Every structure is written in structure tokens, then in C-alpha cells.
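Remarks on the overall topology
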Amino acid sequence: MTVTLRTQPDRPTTHHTPRSSRLLARNEVMERCGIRAASTLHDWIRAGRFPAPIHLAGGRTARWLEADLESWLADQLAAAGRDIEEVSSR
């Protein structure tokens, strides 16, 4: 993700956000985790089985930190006796 900040009208400053601090929308989270129904995602969050989103814009916009999602996925793989290298080599 690249954010352009304007410090002067004619000279933008570009700031690259580290990958682990990217904010992910619900559809991207669901795609990465293989979740097909939004209701499943919300049930898991309510049950404490999935990281809760960060609410932006007065609570109307939900986003997940990529680092939280990656940590959750690593925990799920570890619980299943697998690791990232094993899964990504398929």
C-alpha cells in the first residue's frame, strides 16, 4: 500500500506502509482464509475464534490488520500440524 501525502502543493511525499501493517477489507480477508459466507466470519469473531476488525470512520468501516490475519493463519496451521512452507509449496 502506498500513501501519498502532500506537504506542498507541487511536491507529494510518498510513504510505503510495511506489509504487515496493511489494512484488509472483509472480502480480502474472506478470500485469504477461504471463508465463503460473511455470517461465518462474524460468528467466528463473536465466538473469539477470529481476530476482530478495527473500526474506522466512526465504526462504519471494518478493516483487519494483515499482521493479525497472518498470525491467526499461522496459529491455525500449527494447530493442524502444518507450517507455512508446507502449505505454500503445494
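Because the structure is a prediction, the values reported are computed rather than measured. (Residues numbered from 1 in each chain as written. Predicted model: local features only at pLDDT ≥ 70, side-chain atom pairs only at ≥ 80, totals over all residues. Heavy atoms only, no water.)

**Brief notes about the nonpolar core**
- Grouped together as the largest cluster of nonpolar side chains are eleven residues: Leu24, Val29, Met30, Cys33, Ile35, Leu41, Ile45, Phe50, Trp64, Leu69 and Trp72.
- Contributions of two or more residues to this core are made by α1 (26-33), α2 (38-46) and α3 (66-79).
- Per element, the largest residue contribution to this core is three residues, and it comes from α1.
- Apart from residues lying up to four places away in sequence, Cys33 is in contact with Phe50, Leu69, Trp72 and Leu73. (Core = buried A, V, L, I, M, F, W, Y, C linked by side-chain atoms within 4.5 Å. Buried < 20%, exposed > 50% of the residue type's maximum accessible area, 1.4 Å probe, protein only. Helix = DSSP H or I, 4+ residues; strand = E, 2+ residues; numbered from the N terminus. Contact = heavy atoms within 4.5 Å.)

**Things to note about the packing of aromatic side chains**
- Per the counting criterion, the structure on display carries three aromatic pairs.
- Between Trp44 and Phe50 the ring centres are 6.4 Å apart and the planes differ by 40°, which places this aromatic pair in the tilted class.
- Given a relative accessible area of 22%, Trp44 falls into the partly exposed group.
- According to the relative accessible area criterion, Phe50 is buried, its value standing at 5%.
- Consider the rings of Phe50 and Trp72, whose centres lie 4.6 Å apart with planes at 65°: the pair is edge-to-face. Here the residue Phe50 occupies a position in the loop between α2 and β4 (54-56), and Trp72 occupies one in helix α3, the gap between them amounting to 22 residues.
- In this structure an aromatic cluster arises from ring pairing among Trp44, Phe50 and Trp72. (Phe/Tyr/Trp six-rings, centres within 6.5 Å; stacked < 30°, edge-to-face > 60°.)

**Here's the deal with the pairing of strand β5 (residues 61-65)**
- Pairing of strand β3 (residues 23-24) with β5, which is carried by two bridges, proceeds in the antiparallel orientation. Looking at β5, one finds that Leu24 is bridged to Trp64.
- Bridging between β4 and β5 involves three bridges; their strand directions are antiparallel. Residue pairing across strands places Leu56 opposite Thr61, the latter belonging to β5.
- Counting the residues between successive antiparallel strands, the hairpin from β4 to β5 contains four residues, one of them, Ala57, with a positive phi of roughly 55°. (Pairing = 2+ DSSP bridges.)

**A few points about the sheet that holds β3**
- Strand order in the open sheet formed by three strands is β3-β5-β4, with antiparallel pairing between adjacent strands. Either end of the sheet is taken by a strand with one partner, and the two such strands are β3 and β4.
- Running over the sheet, α3 touches β3 and β5 and is turned about 55° from β5. (Axes fitted to C-alpha atoms, helices over the stretch in contact; angles between N-to-C directions.)

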